[in-house]
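Architecture at a glance
Each chain, letter by letter, is given below.
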Amino acid sequence: GVNIRPDEDTIYAVMAGVDHGAPTTTILAAAAPEDEAMLIELARLLKDDRKFGHQNYLFVAFPPGADRSPAIQSFTRHLPREAGKPGCLLFLDSAGGATLTLRGAGSSSGWQPLLDRVKERTPTRQIDTDGKPGLEIPGVAGLSFTGSGQGTGDATADAATVRFLESLLENINRRGNPTAH
């Protein structure tokens with residue numbers, strides 16, 4: 001007989017969602033423990049504010065350490081039901097610090113107009129249009145954010161990063177998801 005084995009992976013990650021009944025979902029993922037507080041604050045800000053109601057949100061915190069790579073790869077291969085139809089992906093990878101490097105801006109021509117409209121001017125931004133984001137989902141435009149002060153616990157810089165991301169998400173809600181190349 002034929003033995004069919006389903007392609008399943010077990011990953012360990014913490015997920016939470018905000019369902020506004022929208023057609024697409026913005027996925028916000030964190031790969032470093034210091035980014036988890038930023039995810040929690042963003043969830044609090046996005047939960048009840050009507051200006052963010054044109055998207056659903058899925059927040060994912062991957063395990064720290066060497067075992068996170070298989071979890072991240074498995075997540076991108078087997079998106080959970082809660083992801084719905086992904087509209088875009090924002091990946092925080094040690095995003096704290098005075099300088100924020102954005103990778104993956106070249107994954108969509110739609111990123112630059114959205115980034116240009118961000119009101120928040122701190123932290124200082126470096127935009128890498130050639131680099132790939134640290135987390136990729138096929139067919140979904142993604143950006144990854146890496147800070148200059150990994151693990152420093154700089155609350156002021158972290159708050160500025162949250163304000164920056166909040167402004168970016170507000171623009172995504174107004175203008176729509178960037179289309180992946």
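Structure: above.
Analysis parameters
Each chain carries its own residue numbering, running from 1 in the direction its sequence is written. Totals for whole chains, interfaces and linings use all residues, but because this is a predicted model, local features are given only for residues with pLDDT of at least 70 and pairs of side-chain atoms are given and counted only at 80 or more. Excluding hydrogens and water, the side-chain figures rest on all heavy atoms present in the structure. For every element, the axis is a line fit to its C-alpha atoms; helices are fit only across the contacting stretch, and the angle between N-to-C directions ranges from 0 to 180 degrees. Helix and strand assignments come from DSSP, with helices taken as H or I runs of at least 4 residues and strands as E runs of at least 2, each series counted from the N terminus. Angle categories are assigned with fixed cut-offs, so that under 35 degrees is roughly parallel, over 145 is roughly antiparallel, 65 to 115 is roughly perpendicular, and the rest are oblique. Two helices that cross are described as forming a left-handed crossing if the nearer one is turned anticlockwise from the farther one by less than a right angle, and a right-handed crossing if clockwise. Residue contacts follow a heavy-atom distance rule, with two residues in contact if any of their heavy atoms lie within 4.5 Å. Ten residue types, Ala, Val, Leu, Ile, Met, Phe, Trp, Tyr, Cys and Pro, are classed as nonpolar, four, Asp, Glu, Lys and Arg, as charged, and the remainder, Gly among them, as polar. One side-chain nitrogen of Lys or Arg within 4 Å of one carboxyl oxygen of Asp or Glu is enough to make a salt bridge. Partly exposed describes any residue whose relative accessible area lies between the buried limit of under 20% and the exposed limit of over 50%, with all areas from a 1.4 Å probe on protein chains only and scaled to the type maximum. Contacts described as polar in this section are N or O atom pairs within 3.5 Å, which, within protein, must combine one atom able to donate a hydrogen with one able to accept it, while residues neighboring in sequence count only if both atoms come from side chains. Remark: nonpolar core denotes a set of buried residues (Ala, Val, Leu, Ile, Met, Phe, Trp, Tyr, Cys) joined through side-chain atoms within 4.5 Å. The arc refers to the directions leading from the helix axis to the C-beta atoms.

Brief notes about the packing of helix H1 (residues 33–48) against helix H4 (residues 155–175)
Interaxial distance between H1 and H4 falls to 10 Å at its minimum, and their mutual angle equals 45°. Classified by the angle between their axes, H1 and H4 sit oblique to one another. Classified by chirality, the crossing of H4 by H1 is right-handed. Note on element contacts: H4 touches H1 through Asp 158, Thr 161, Val 162, Leu 165, Glu 166 and Leu 169, opposite Met 38, Glu 41, Leu 42, Leu 45 and Leu 46. Here the contact of H1 with H4 is built from residues that sort into 7 nonpolar, 1 polar and 3 charged.

Details of the pattern of salt bridges
One pass over the full model with this rule turns up 6 salt bridges. Between Glu 41 and Arg 44 there is a salt bridge whose closest N-O contact spans 2.6 Å. Of this pair, Glu 41 and Arg 44 both sit in helix H1, 3 residues apart, which is roughly one turn of the helix. Two residues, Lys 51 and Glu 170, come together in a salt bridge whose shortest N-O distance is 3.7 Å. Here Glu 170 lies in helix H4 and Lys 51 lies in the loop between H1 and strand E3 (56–61), a separation of 119 residues in the sequence. Residue Lys 51 is classed as partly exposed on the basis of its relative accessible area, which comes to 35%. Salt bridges sharing common partners tie together Asp 49, Lys 51, Glu 170 and Arg 174.

Quick look at the side chain of Asn 56
Tracing the backbone through its elements, the reader meets Asn 56 in strand E3. There is a polar contact of 2.8 Å between the side chain of Asn 56 and the backbone oxygen of Ala 22. Contacts of Asn 56, omitting those with residues within four sequence positions, involve Val 18, Asp 19, His 20, Gly 21, Ala 22, Thr 24, Thr 25 and Thr 26.

Observations regarding the nonpolar core
Generally speaking, soluble globular proteins have nonpolar side chains that are buried together. Residues Trp 111, Leu 143, Phe 145, Leu 168 and Leu 169 are the most contacted members of the largest nonpolar core, which totals 32 residues. Counting residues per element, the ones that place at least two in this core are strand E2 (25–30), H1, E3, strand E4 (86–92), strand E5 (99–103), helix H3 (111–116), strand E7 (141–147) and H4. Residues in contact with Leu 168, not counting those within four places in the same chain, are Leu 90, Leu 114, Leu 115, Val 118, Leu 143 and Phe 145. Listed in part, the 15 residues of the second largest apolar core include Leu 58, Ala 71, Ile 72 and Ala 83.

Notes on unusual backbone geometry
Glycine aside, negative phi is the norm for most residues, and most peptide bonds take the trans geometry. In this structure, Ser 94 is a non-glycine residue whose phi angle is positive, near 60°. Relative to the assigned elements, Ser 94 resides in the loop between E4 and E5.

Remarks on H1
When we look at burial in H1, the residues that qualify are Asp 35, Met 38, Leu 39, Leu 42, Leu 45 and Leu 46. Along the long axis of H1, the arc covered by the buried residues comes to 130°, so they all point the same way. Looking at H1, the residues exposed on the side facing more than 90 degrees away from the buried face are Ala 37, Ile 40, Arg 44 and Asp 48. Here the buried face of H1 lies against strand E1 (14–18), E2, E3, E4 and H4.

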